[in-house]
Amino acid sequence: MIPTPRSAVPLLELDRVAKTFGGHVAVEDFTLAVSPGEFISFLGPSGCGKTTTLQMIAGFLAPSRGTIRLEGRDLTQVHPSRRGLGIVFQSYALFPHMTAAENVAFGLEMQRVSRAERTERVRAALAMVGLSGYEDRHPRRMSGGQQQRVALARALVIRPSVLLLDEPLSNLDAKLREEMQIELRQIQRNLGTTTILVTHDQTEALSLSDRIVVMSKGRIEQIGTPQDTYERPASAFVAQFLGKTNDFAARVEGASPARIVAGGWSAPAPVGLRGPVTISVRPERIGFSEEGLPGRVAARVFQGNHWLFQCETECGPAIVVRPNDGLAQPGEGEAVRLAWRPEDMSIRDMGLRAGAVA
Amino acid sequence: MSAAATTTLPAAATATPPEPRASRAPLWLILPALLLFVGIVLVPLAMTVLLSFHDWGQYKGIEPVLVLKNWHEIATDPYYAEMFGRTLRIALVTTVATALLGAPEAYILNRMSGRWRGIFLLLILGPLLISVVARTLGWALLFGGANGLANKLLMSLGLISSPLPFLFTETGVVIALVHVMMPFMVLSVWAALQRLDPQVEHAAMSLGAGPLTIIRRIVLPQIMPGVLSGAIIVFSLSASAFATPAIIGGRRLKVAATLAYDEFLNTLNWPLGAAVAVLLLAGLVLIVVGANALVERRYAEVSR
């Protein structure tokens, strides 16, 4: 991915923002600085507080604690209609009684933009999302993808300082969703609009964002680039939520040099590690080889561009993903040996770390 | 997409088997309902229409001949024009008043939190649970001449010197009718509000619209079909209302419905009463169907 553009002054700052509903804590201690032009994703399962956070930025909910600053200005007391943010809603929330062009023009009318400029900007915005010629259509006569595009054009035409996207692609079918992802990213790059996307879809977050904020139960689990969060998950939750992962029960054996042993597989252990540990390896980083953890293929599924194997090993079940490279693959019931490079594994749920105790 | 559709279409058309016989079989199942409809709606209606062409005399009673006497009388005597004009006026004013009061009422109701909404909905629907006669008599007790409770109170407070005219006035009939008809308008608008996407108001807000602009430009156009269909219901019910005009208006302030009643039961001139009733029905059907077609065409995009 492209390195994150950094500037000295963040455009949008959330400082220890929290929201409680009655006794229930929806968002807690949310601190984030968004640089101009950045594409940020709030990723997490439903109920993790990502939409609540977005609504606080939009102004539809008031934070219980903390401050939100836009270009250094405190937003907390600013009415939603004065924040100048562009929002695309999950339901699109188009005005059903207005045509596509009237929908897009509405924000400009509110800004009292002259009629001539309005017409030109509406035309340009609809062209940008590929809807030239649809000006006079009513939303109900458009497909989901087209409504989505109108909603995007309507949010962008007012030249918002920040674009907020609330699960905008979740109502589209898989193929259309993929197309819209690519288009969304291109439009965002071209305009350079700072964007915050709320999603529960890890693929969407990984493929679109400069940085991902992984959330769980109202708390931030990790903030990082897509590679960072995928390769170096900060917690068991992030590892489980972002892609599949295999957990193996392993032990640290011997002393100087100590080795991590999982069945027939072993590697040098980090200094000071002792006792039983859990190691976790991504399915696509495991290969079949001559040596390694012995197992048996319980099920094999062909998925077009890759194979999915479910294996049983003495250290626990394992999922292995191999690219469909045309080479022969082990069949169901066959005995295999699983191997991976030590740097592809992360050690979690540590037993006793001698260094930590001392 | 379209290319694929055009190439597959002819194939699909030829492949479709002829209409299966089974789909025609259940037609006879509607027979009982059809008989009931014909027996209790169409036949009496046809008989009423026929009756309106019969002759009537003080001493000879009804004569089953076909004459245009009754229709001629209605068309030429300004008395009937006055009756129908008043009926129309009362129905129109009642409709406008329920729309002006009911639409905001439904909007406020819709924004209330669950428990309060339940209580207020019950308050609005409450009148439907009580007989129209009881409700209308209540109005008569409040404002009926010098003995009406409200009039007595206002006079003893010195706010008015003589009782407010209520009984036997058009204003009185309209006020009582608005009270009776309000639930129909509120329910109709409320149903339209239920279909509103709550995020749409947020969307308008984020685009810089203030609360009044949101109501005028976003909410009102979307609930207009609800207001208009509510208006059609209220108009037709008010124009054909009997109990309220009969009690508040009495003999002195007649409308089409009470006029027909009097012709039937007091004058015993059934043919003339039938003509009045048929004219009222035909007029209402014409207005309602016309208004409905207008609404559906104008708001096709919203109500779909």
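Computed from a predicted structure; not experimentally measured.

A. Highlighting the overall build of chain B. If you tally the helices and strands in chain B, you get 14 helices and two strands. Relative to a compact globule of 304 residues, whose C-alpha radius of gyration would be 19 Å, chain B shows 26 Å and is clearly more extended. Overall, chain B is about 80 × 60 × 35 Å in size when its C-alpha atoms are taken along their principal axes. Residues classed as buried in chain B amount to 29% of the 304 residues present. For chain B, restricting intrachain contacts to residue pairs at least 6 apart in sequence, the fraction spanning at least 24 positions comes to 72%.

B. Region of interest: the domain arrangement of chain A. Entries for chain A in the domain assignment read domain 1 (12–241) and domain 2 (246–357). Placing a centre on the C-alpha atoms of domain 1 of chain A and another on those of domain 2 of chain A gives a separation of 39 Å.

C. Main features of the pairing of strand E11 (residues 246–253) of chain A. Residue and element names in this part refer to chain A. In E11, alternate side chains face the same way, and those of Asn-246, Phe-248, Ala-250 and Val-252 are buried while those of Asp-247, Ala-249, Arg-251 and Glu-253 on the opposite face are not. As paired elements, E11 and strand E15 (residues 276–281) share six bridges and run antiparallel to each other. Bridged to Asp-247 within E15 is Ser-280. In textbook terms, the turn of a hairpin is the stretch between consecutive antiparallel strands, and for E11 and strand E12 (residues 259–262) this stretch comprises five residues, one of which, Gly-254, has a positive phi near 75 degrees.

D. Just the nonpolar core, in detail. By size, the foremost hydrophobic cluster in this structure holds 76 residues, and its most contacted members are Val-104, Leu-126, Ala-153, Leu-164, Ile-196 and Val-213 of chain A. What Val-104 of chain A contacts, discounting residues up to four positions off in sequence, is Val-122, Ala-125, Leu-126, Val-150, Ala-153, Arg-154 and Val-157 of chain A. Val-174, Ala-274, Val-276 and Ala-277 of chain B belong to the second-largest nonpolar core, a separate cluster that totals 49 residues.

Rules behind the numbers
- Residues numbered from 1 in each chain as written.
- Chains lettered and ligands numbered in written order.
- Predicted model: local features only at pLDDT ≥ 70, side-chain atom pairs only at ≥ 80, totals over all residues.
- Helix = DSSP H or I, 4+ residues; strand = E, 2+ residues; numbered from the N terminus.
- Rg over C-alpha atoms; globule rule 2.2 N^0.38 Å.
- Buried ≥ 20, exposed ≤ 12 C-beta atoms within 10 Å, placed from the backbone.
- Contact = placed C-beta atoms within 7 Å.
- Domains from an automatic or database assignment.
- Pairing = 2+ DSSP bridges.
- Core = buried A, V, L, I, M, F, W, Y, C linked by C-beta atoms within 7 Å.

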